[in-house]
Each structure stands twice: as C-alpha cells, then as structure tokens.
Amino acid sequence: MRPLAHGAAHHCFGCGKANRSGLRLNFLVSDEGLIVCRTKIPARFEGPPGYVHGGVIATLLDEAMSKANRACNVIAMTRHLEVDYRRPVPLRSTIEITARHLKAEGRKHFCEAEIRLHGETLASGKALFIAVTKQFLLSRTKD
Ligand SMILES: CCCCCCCC(=O)SCCNC(=O)CCNC(=O)[C@H](O)C(C)(C)COP(=O)(O)OP(=O)(O)OC[C@H]1O[C@@H](n2cnc3c(N)ncnc32)[C@H](O)[C@@H]1OP(=O)(O)O
C-alpha cells in the first residue's frame, strides 16, 4: 500500500489538510487500486449518542470512492450515491474504509465502498461518478 497524496493544500471537508474542522482523512492505495483508510471519527461528528452522524458516514463512503477514481487518474464528481446503514458506526473507534472502482462506461464511473469495524461491515455504498474536466472542477475557485 502507498499513500494517495494530494499535490497541494486544499480545503476538502473529507481529506483537506488545510481544513482544520474537516475529517482530514488519509488514504492508501494498493497496486490493484483498492483504497484503504483507517481512522477514528471525533466526537464532534456525532449523530446518535456515541455514533457517527449518517451524513458523515455518507461522506466517508463518497470520499473513499472518489479516491478510487483518482487512483485510476479520473477526475469525477458524484452524480448518484446509495448508502446502506447496516449497523451504527461508533465514534472514536478505529474503523476501516475501503473502496474500489468497478467499471467505466464513457464518462460514467461506478464505485463501491464499505466501512468495517473488526471485520464487520457497518455501512456500504455504491456511487455513480461523472468525469469532468479540471477546468470545470476549478471554475469556482476564483470567487
Ligand atoms: C477530484 C474531484 C473531487 C471529488 C470530491 C468528492 C466527490 C464529491 O462529493 S463531488 C460533490 C457532489 N457532487 C456534485 O456536486 C455534482 C453535481 N452534479 C453536477 O455538477 C452534474 O450533474 C455533473 C457534472 C456530475 C454531471 O453533469 P452532466 O455532465 O450534465 O452529466 P449528465 O448528462 O447529467 O449525466 C451524465 C450521464 O450519467 C447518466 N446518469 C445520470 N444520473 C444517473 C443515474 N442516477 N443512474 C444512471 N445513469 C445516470 C446520464 O443519463 C448521462 O448518461 P449519458 O452520458 O449516457 O447520456
């Protein structure tokens, strides 16, 4: 596994090192393109007492899948996201998030992701991403 590093400091809520109130996730990628992130979610992201907020769970899955695209050198935005909330995800426990790129059909990229604790799947997701140009992605950064 090797780190999937960002080129520049940025403010992404999921992985931006420059976003001090974000999740600041670190991702690894295997030679086969499997994305892995081991992390503990801080208490400020609480939803149900002691557990991670559902919107943050969706973010974790989305973020990991977007890294699976990046590992394929694809710049893409989430168009459709499905989440299965199977078990509550505890705060402050080391969870493992994995994701993989499944297939591409033109601009459409299909990915899946899971969140596990001690081998048990707590949440899983699938998403459709649409490839965009770097210009499209960065078009609002000058505002
Ligand atoms: C490096 C990138 C950073 C990644 C950050 C982490 C990921 C994110 O959270 S991104 C933020 C959340 N996402 C967004 O804000 C995206 C908002 N949406 C958009 O801007 C646009 O819809 C965008 C750019 C994704 C696609 O727009 P557009 O280029 O017009 O594509 P559109 O025509 O709607 O759809 C493309 C194809 O997908 C198909 N499609 C759309 N929805 C679905 C669906 N639910 N199921 C199956 N197919 C679908 C369309 O039919 C179309 O197919 P075809 O090309 O065969 O005609």
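A short tour of the structure in this document, coming up. (Residues numbered from 1 in each chain as written. Predicted model: local features only at pLDDT ≥ 70, side-chain atom pairs only at ≥ 80, totals over all residues. Heavy atoms only, no water.)

Within the structure, the ligand sits among 14 residues, and Asp62, Thr78, Arg79, Arg107 and Leu128 are positioned closest to it. At 2.7 Å, a side-chain N or O of Asp62 approaches an oxygen atom of the ligand. At 3.4 Å from an oxygen atom of the ligand is found a side-chain nitrogen or oxygen belonging to Lys108. Protein contact buries 50% of the 1200 Å² of open area that the ligand shows by itself. Mapped by element, the contributors of at least two residues to the shell around the ligand are helix H1 (54-71), strand E4 (76-85), strand E7 (120-131) and helix H2 (134-137). The class makeup of the residues in the shell around the ligand is 7 nonpolar, 3 polar and 4 charged. (Near = heavy atom within 4 Å. Polar contact = N/O pair within 3.5 Å; in protein donor to acceptor, adjacent residues only side chain to side chain. Areas by Shrake-Rupley, 256 points an atom, 1.4 Å probe, with all protein chains shown as cover. Helix = DSSP H or I, 4+ residues; strand = E, 2+ residues; numbered from the N terminus. Nonpolar A, V, L, I, M, F, W, Y, C, P; charged D, E, K, R; others polar.)

Right, let's get into unusual backbone geometry. Among all residues save glycine, negative phi is the norm, and among peptide bonds the norm is trans. Within the chain, Arg24 stands out as a residue other than glycine whose phi angle is a positive 50°. Examined against the element boundaries, Arg24 turns out to sit in the loop between strand E1 (2-3) and strand E2 (28-29). Positive phi, close to 60°, is recorded for Asn73, a residue that is not glycine. On the accessibility criterion, Asn73 (73% relative accessible area) is exposed. (Buried < 20%, exposed > 50% of the residue type's maximum accessible area, 1.4 Å probe, protein only.)

Here we come to the pattern of salt bridges. The tally for this structure, following the rule as stated, stands at 7 salt bridges. Two residues, Glu63 and Lys67, come together in a salt bridge whose shortest N-O distance is 2.7 Å. Remark: Lys67 and Glu63 occur in helix H1; sequence separation between them is 4 residues, near one turn of the helix. Lys67 gets classed as buried once you look at its relative accessible area, which sits at 4%. We note a salt bridge from Glu112 to Arg100, for which the minimum N-O separation is 3.9 Å. Within this pair, whereas Glu112 is found in strand E6 (residues 108-117), its partner Arg100 is found in strand E5 (residues 95-105), the two being separated by 12 residues in sequence. Residue Arg100 is classed as partly exposed on the basis of its relative accessible area, which comes to 38%. A single network of salt bridges, built from pairs that share partners, joins Arg38, Glu96, Glu114 and Arg116. (Salt bridge = Lys/Arg side-chain N within 4 Å of Asp/Glu carboxyl O.)

Purely geometric stuff here, so don't read any function into it on its own.
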